[in-house]
Amino acid sequence: MSHDAPAGARLQAALHHHAIPVPMEEYVSSTMRAYVSTDAAPLILTNRPVPAPGPDEVLVRTRAASLNNADLTASGDGNIAGFEFAGEVVEVGSDAPAHLRGARVMGIAAGAFAEVVVAHHRHVVVMPEALPFDEAATLPTALATEHGALTLGSVGPATSVLVTAASSGLGLIGVQVAKALGAATVVATTRSPGKRPLLERVGADAIVVTSREDLAAGTRDATGGDGADVVLDHVGGDHLADALEAACDGGEVISVGRLGGARASIDLFVLARRHVRLRSVSYGVTPPSVLGDLFDALAPVVLPAVTDGRIRAIIDRSYDFDEAHAALERLASGQAEGKVVLHLG
């Protein structure tokens, strides 16, 4: 079929030719429902043309999409919102691996809040077989980010790790990934005493409630007086100075999140006197080579840990696709214990 044909028609032809096990009735139209972000609101439901994958891309029938803090802000560009999803690959570009056709995948790509999403083939990873779509949709960003940061900090057996803002979506996975990598002690922080049971469930060895306790003192108490070998900081802002104080002599602080702001004031003498190394990472929708390498690195330890339950998706609530505004309100409330998900069936 000519590439001049409508995208929906090309997709139907591809499905028929390759006998992909996706119901044809789901693609009888050349349009799909999608949420776009405008100046008026972060999520407006509309119809958009079904996209076609480029040579290096795959087309995914979205089964679930996960909300993130970045989705709370209206962008004004009119593009499809969302970037984290799970679903079935229904079409594969000419230069993408053929084995992905029909695979159940989770991934990261702009435009995830839609019935169909296009992603670079290195921006998806095949899901563990028994993992439900709703759970899978919550994992790509957190697994890639937390594992990438923790391995940068050389976390392994006998190391101690401090995870700040551990009750956040990233933090909950960070605690579990640190344990899967063999960390001997994982200290988790939260501002809310009510989040303590949640952090205990995901395997934190010690919990510091920062609204009531000093972060550095609490971390030293939990690590035999030394402080943490690796600090995985999701807060940033003025809190970064406290994270530096919580590291052990010769420790590492990996700045991952900026919940408290992107600017920080720190005492450089703390770094020098205590030989602390400070690094900052930001992954997100990075170039395919970067995200692809992060996804590839999950295979030896992280994906097996997801398969056997040592790393579990933590879902606060799952909403139908038509309930996206309620899902966004739940995320914005700050009350969610875990991820908020859109379910597409």
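Cut-offs and rules
- Residues numbered from 1 in each chain as written.
- Predicted model: local features only at pLDDT ≥ 70, side-chain atom pairs only at ≥ 80, totals over all residues.
- Heavy atoms only, no water.
- Helix = DSSP H or I, 4+ residues; strand = E, 2+ residues; numbered from the N terminus.
- Buried < 20%, exposed > 50% of the residue type's maximum accessible area, 1.4 Å probe, protein only.
- Contact = heavy atoms within 4.5 Å.
- Polar contact = N/O pair within 3.5 Å; in protein donor to acceptor, adjacent residues only side chain to side chain.
- Patch = residues over 30% accessible without salt bridge, like charges linked within 9 Å, V, L, I, M, F, W, Y side chains within 5 Å.
- Areas by Shrake-Rupley, 256 points an atom, 1.4 Å probe, with all protein chains shown as cover.
- Salt bridge = Lys/Arg side-chain N within 4 Å of Asp/Glu carboxyl O.
- Lys, Arg positive; Asp, Glu negative; His and termini not counted.
- Charge placed at Lys NZ, Arg CZ, Asp CG, Glu CD.
- Core = buried A, V, L, I, M, F, W, Y, C linked by side-chain atoms within 4.5 Å.
- Axes fitted to C-alpha atoms, helices over the stretch in contact; angles between N-to-C directions.
- Parallel < 35°, antiparallel > 145°, perpendicular 65-115°, else oblique.
- Left-handed = near helix turned anticlockwise from the far one by under 90°.
- Nonpolar A, V, L, I, M, F, W, Y, C, P; charged D, E, K, R; others polar.
- pLDDT = per-residue confidence, 0-100.
- Phe/Tyr/Trp six-rings, centres within 6.5 Å; stacked < 30°, edge-to-face > 60°.
- Expected span 1.5 Å × (residues − 1).

Trainee: Before we go on, may I ask you to explain the environment of Arg33 in this structure?
Mentor: Within the secondary structure layout, Arg33 lies in strand E1 (residues 31-36). Relative accessible area serves as the criterion here: at 28%, Arg33 is assigned to the partly exposed category. In the structure, Arg33 is positioned 17 residues away from Val50 in sequence and 9.0 Å away in space, judged by C-alpha atoms. Among residues more than four places away in sequence, those in contact with Arg33 are Leu45, Thr46, Asn47, Ala114, Glu115, Phe321 and Asp322. One polar contact links Arg33 to Asp322, side chain to side chain, over a distance of 2.5 Å.

Trainee: Help me understand unusual backbone geometry in this model?
Mentor: It is generally the case that most residues other than glycine have a negative phi and that most peptide bonds are trans. Positive phi outside glycine occurs at Ser154, with the angle close to 60 degrees. Phi at Ala158 is positive, roughly 75 degrees, even though this residue is not glycine. Counting through the fold element by element, Ala158 comes out in the loop between helix H3 (140-152) and strand E8 (160-163). Judged by relative accessible area, Ala158 falls into the exposed class, the value being 69%.

Trainee: Explain a negative patch on the surface here, please?
Mentor: On the surface, Glu213, Asp214, Asp221, Asp238, Asp242, Glu245 and Asp267 cluster together to form a negatively charged patch. Assignment of secondary structure puts Asp242 in helix H7 (residues 240-246).

Trainee: Mind showing me how you'd approach the pattern of salt bridges here?
Mentor: Close approach of charged atoms allows side chains with opposite charge to pair. This structure, assessed with the given rule, holds 11 salt bridges. Measuring nitrogen to oxygen at the nearest pair gives 3.5 Å for the salt bridge that ties Arg277 to Glu252. Highlighted residues: Arg277 in strand E13 (residues 277-280) and Glu252 in strand E12 (residues 247-255), separated in sequence by 25 residues. Arg277 sits in the partly exposed class, given a relative accessible area of 41%. By relative accessible area, Glu252 is classed as buried at 6%. In this structure, the salt-bridge partner of Arg310 is Asp308, at a minimum N-O distance of 2.9 Å. With a relative accessible area of 45%, Arg310 lands in the partly exposed category. Each of the salt bridges in this network shares a partner with another, and the network as a whole consists of Arg33, Glu115 and Asp322.

Trainee: Explain the side chain of Thr190 to me, please; I cannot follow it from the model alone.
Mentor: Considering the arrangement of structural elements, one finds Thr190 in strand E9 (residues 185-190). Separated by 3.1 Å, the side chain of Thr190 and the backbone nitrogen of Ser192 make a polar contact. Beyond its immediate sequence surroundings of up to four residues, Thr190 is in contact with Ser167, Lys195, Leu199, Ile207, Val208, Val209, Thr210 and Ser211.

Trainee: Even after reading the chapter, I still don't get the nonpolar core, so can you show me in this structure?
Mentor: Within soluble globular proteins, side chains that are nonpolar generally end up buried alongside one another. Met106, Leu139, Leu143, Leu150, Val161, Val175 and Ile311 are the most contacted members of the largest nonpolar core, which has 55 residues in total. Per element, the largest residue contribution to this core is 6 residues, and it comes from helix H4 (residues 169-180). Excluding residues within four positions of it along the chain, Leu143 makes contact with Met106, Gly148, Ile173, Val177, Leu298, Val302, Val306 and Ile311. Counting 30 residues, the second-largest nonpolar core is a separate cluster that includes Val58, Val124, Ala336 and Leu342.

Trainee: Explain the packing of H3 against H4 here, please?
Mentor: Two quantities define a packed helix pair, namely the angle between the axes and the distance from one axis to the other. It is at 9 Å that the axes of H3 and H4 come closest, and there the two elements cross at 55 degrees. Classed by the angle they form, the pair H3 and H4 counts as oblique. Along this stretch, H3 crosses H4, giving a crossing that reads as right-handed. Touching Thr141, Ala142, Leu143, Thr145, Glu146, His147 and Leu150 of H3 are Gly169, Leu170, Gly171, Ile173, Gly174, Val177 and Ala178, all from H4. Counted by class, the contact of H3 with H4 contains 7 nonpolar, 6 polar and 1 charged residues.

Trainee: Even after reading the chapter, I still don't get the confidence of the model for the protein, so can you show me in this structure?
Mentor: The predicted coordinates of low-pLDDT regions are not to be read in fine detail. The predicted model of the protein has a mean per-residue pLDDT of 90, with 91% of residues at 70 or higher. Across residues 1-25 the pLDDT falls below 50, and counting only partners more than four positions away or on other chains, this stretch makes 36 contacts in the model.

Trainee: When you look at the packing of aromatic side chains in this model, what are you seeing that I'm missing?
Mentor: Given two aromatic rings, one states the distance between the centres and the angle between the planes to describe the pair. One pass over the structure, following the stated rule, counts 1 aromatic pair. With 4.9 Å between their ring centres and 65 degrees between their planes, Tyr35 and Phe321 make a pair best called edge-to-face. On the criterion of sequence distance, the pair formed by Tyr35 in strand E1 and Phe321 in the loop between strand E14 (315-320) and helix H11 (324-332) is long-range, its members being 286 residues apart. Taken as a pair, Tyr35 and Phe321 share a single burial class, namely buried.

Trainee: Just to check I follow, could you spell out H3 for this structure?
Mentor: In an α-helix there are 3.6 residues to a turn, and that puts residues three or four apart on one side. Its 13 residues give H3 an end-to-end C-alpha distance of 18 Å, which sits within 8% of 18 Å, the value for a rise of 1.5 Å per residue. The buried count for H3 comes to 11 of 13 residues, which makes it a mostly enclosed element. By the burial criterion, the buried members of H3 are Pro140, Thr141, Ala142, Leu143, Ala144, Thr145, Glu146, His147, Gly148, Ala149 and Leu150. Where H3 ends, the next residue or the one after it, Ser154, has phi of about 60 degrees, a positive value.

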